[in-house]
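# A structural walkthrough
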Amino acid sequence: MSRERRILAGLFLGALCAEALTAWIATREIGMRLSALGVYFDGHLYLEIARSFPLPYADAGLDYLTHAPGYPALIYLGRWLTPDAINWGALAMLAAWIPGAACVPAFYLLCKQVGAPPFWGSILFFLANPRWFTLSATPHPEPLAMLLAIAFAIAYLRGSLPFAALWLSLAVWVRFPALLLIAPMAFGVLLVRGAWTWRNFAFLACPVLAFGLFHAYLRWRAPEFAGFFETHSVFWETDLVWPFQTLWRIASENLWPKAYPFFELTYLSVAFYLVCVLLGFRARDRALWIFPVWILAIVIPHVSLSGTRGALDFTRLVVLAWPAAFLILWRISGKIVSGPAAGFAAAILGALSLGYAALSVPSAVSWQARITPFLRQSIRHIDKDEPRWVDFRGLPDVAAPRTRRN
């Protein structure tokens, strides 16, 4: 095995161990089995979809139709490969941990592609964002979507538009907002490269086609499907408003939970992404301008959403902007922050991210267990293969808590 392959394998295993340790610390804090964590957050939704494979979704589970099939497909694949050996909750965790850990060596390759120091860059990418670090350790689809987004960026920079379109189309089936990444792809192909050909337009259309095919499938599979916005309104009803309007409103009304640094991380993230956009457009190589466009494509729609729920979950909703933003910053600072300084930064940022996860995960699980008591039944159902659809319109409000901040 070559030296680089050993490095890539070490980065993957190190990240995997960090994710497992983070989840173990969080569950130990609240006295929960590690596999039971797989039903919390949105895990219980994706588990029922996974159980419905190989022909996912059903009329009986209309409230589940707005959750993309990619992450539950990976959970189902794990069940198929290990029949009855691992319960569904543990599979949900592994389906987040493995792609989340794979993002680290993938980012290493992306750094090499743009001439940034890859080793410490990939480690800091994993450790420096507390919300990304937490998402990779808990049952969420974002790690798989992130891996596919990084693969998309590598393929695009290598000039392989067919593979860039493929990875982005698959990312859309994991997290629908990945469709926004058509903007940097189109910007790079049409405006930077000036490649206005029918062939390139066909590749640019692939992610849209992927989304359209999934929508058509839902119409066929569940004839009562009323559309994404209508169906998703059971969890969170939203609309477009002026950018930053909702974030400003809930800051002025002190609606932030105070169990952990929710407020601080959110507004620090907004500032960080906007600064990285400005830095990104200063790059002399115009091919790299896709990265500030990438950030804008993800961040601007999500700072323009109405509803407190979207603002409170901003750092998760825009996490796909993280690799582009950190890459911009690391290209500038990576040659300065290297060696012992980078190691020290990784240790400090890793401790902060672990501390954030240790506070936020038990807090979120305790709150969710309190307002959604049916999750206890989901835990008891964790070894069963039959989907157990829930009608969420008959349950109490599951919106984020509006605890006033003192």
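Our structure is the block above this text.
So, here's what we can say about the structure.

What counts, and at which threshold
Residues numbered from 1 in each chain as written. Predicted model: local features only at pLDDT ≥ 70, side-chain atom pairs only at ≥ 80, totals over all residues. Heavy atoms only, no water. Helix = DSSP H or I, 4+ residues; strand = E, 2+ residues; numbered from the N terminus. Rg over C-alpha atoms; globule rule 2.2 N^0.38 Å. Buried < 20%, exposed > 50% of the residue type's maximum accessible area, 1.4 Å probe, protein only. Expected span 1.5 Å × (residues − 1). Bend = angle between axes of the 7 residues up to and from the residue. Contact = heavy atoms within 4.5 Å. 1 Å grid on protein atoms, 1.4 Å probe; cavity = no way out; pocket = protein on both sides within 12 Å on 5 of 7 lines; lining within 4 Å. Points joined across faces, edges and corners; volume = space filled by probe spheres on them. Nonpolar A, V, L, I, M, F, W, Y, C, P; charged D, E, K, R; others polar. Core = buried A, V, L, I, M, F, W, Y, C linked by side-chain atoms within 4.5 Å. Polar contact = N/O pair within 3.5 Å; in protein donor to acceptor, adjacent residues only side chain to side chain. Axes fitted to C-alpha atoms, helices over the stretch in contact; angles between N-to-C directions. Parallel < 35°, antiparallel > 145°, perpendicular 65-115°, else oblique. Left-handed = near helix turned anticlockwise from the far one by under 90°. Salt bridge = Lys/Arg side-chain N within 4 Å of Asp/Glu carboxyl O.

Within the protein chain, the regular secondary structure consists of 19 helices and zero strands. Taken over the C-alpha trace, the protein chain has a radius of gyration of 21 Å; the compact-globule value for 406 residues is 22 Å, and the two agree within 12%. Taken along its principal axes, the extent of the C-alpha atoms in the protein chain is 55 × 55 × 50 Å. When each of the 406 residues of the protein chain is scored for burial, the buried share is 53%.

It is worth spelling out helix H10 (residues 198-221) at this point. In this model, H10 (24 residues) spans 33 Å end to end at C-alpha, consistent with the 34 Å of a helix rising 1.5 Å per residue. Along H10, the sharpest change in direction is near 35 degrees and occurs at Cys206; proline Pro207 comes one to four residues later. Among the residues of H10, Asn200, Phe203, Leu204, Pro207, Ala210, Phe214 and Leu218 are the ones counted as buried. Packing partners of the buried residues in H10 comprise helix H8 (161-172), helix H9 (182-192) and helix H11 (228-232).

Attention now goes to the layout of surface pockets. When its volume is computed, the second largest pocket comes out at roughly 450 Å³. Elements with a minimum of two residues in the lining of the second largest pocket: helix H5 (118-127), helix H13 (262-280), helix H17 (322-333) and helix H18 (340-371). The element contributing the most residues to the lining of the second largest pocket is H13, with six residues. A class-by-class count of the residues in the lining of the second largest pocket yields 18 nonpolar, four polar and one charged.

Ranked by internal contacts, the top residues of the largest apolar core, which has 88 residues, are Phe125, Met146, Ile150, Phe291, Trp294 and Ile295. Looking at which element gives the most residues to this core, the answer is helix H7 (residues 142-157), with eleven residues. When residues no more than four places from it in sequence are discounted, the contact partners of Trp294 are Ala149, Phe152, Ala153, Leu181, Pro184, Leu320, Ala321, Pro323 and Ala324. Grouped together as the second largest cluster of nonpolar side chains are 48 residues, Ala23, Ala36, Trp236 and Leu305 included.

So, about the environment of Ala186. For Ala186, the position within the fold is in helix H9. Separated by 104 residues in the primary sequence, Ala186 and Ile290 have C-alpha atoms spaced 9.0 Å apart. Beyond its immediate sequence surroundings of up to four residues, Ala186 is in contact with Leu191 and Leu204.

A few words now on the environment of Ala324. As for its position among the elements, Ala324 is in helix H17. Its relative accessible area of 0% is what places Ala324 among the buried residues. It is 8.7 Å that separates the C-alpha atoms of Ala324 and Ile290, two residues lying 34 residues apart in sequence.

The next thing to look at is the side chain of Asp313. As for its placement among the helices and strands, Asp313 is situated in the loop between helix H15 (308-312) and helix H16 (314-317). Note on Asp313: relative accessible area 13%, which makes it buried. Engagement of the side chain of Asp313 in a polar contact is seen with the side chain of Arg316, the distance being 2.7 Å.

Turning our eyes to something else, we now look at the packing of H7 against helix H14 (residues 290-302). Packing of H7 against H14 brings their axes to within 13 Å, and their N-to-C directions diverge by 150 degrees. When the interaxial angle is binned, H7 and H14 end up roughly antiparallel. For the crossing formed where H7 meets H14, the hand is right-handed. Residue-level contacts link Ala149, Phe152, Ala153, Tyr156 and Leu157 of H7 to Ile290, Phe291 and Trp294 of H14. Of the residues belonging to the contact of H7 with H14, the class tally is eight nonpolar, no polar and no charged.

Under the criterion given, the structure shown has eight salt bridges. In this structure, the salt-bridge partner of Arg131 is Asp313, at a minimum N-O distance of 2.8 Å. Linking Arg131 in helix H6 (residues 130-136) with Asp313 in the loop between H15 and H16, this pair joins segments that are 182 residues apart in sequence. Arg131 gets classed as buried once you look at its relative accessible area, which sits at 12%.

Let us now look at the side chain of Ser136. With respect to the secondary-structure elements, Ser136 resides in helix H6. In this structure Ser136 touches Glu19, Ala96, Trp97, Gly100, Phe126 and Pro143, once residues within four positions along its chain are discounted.

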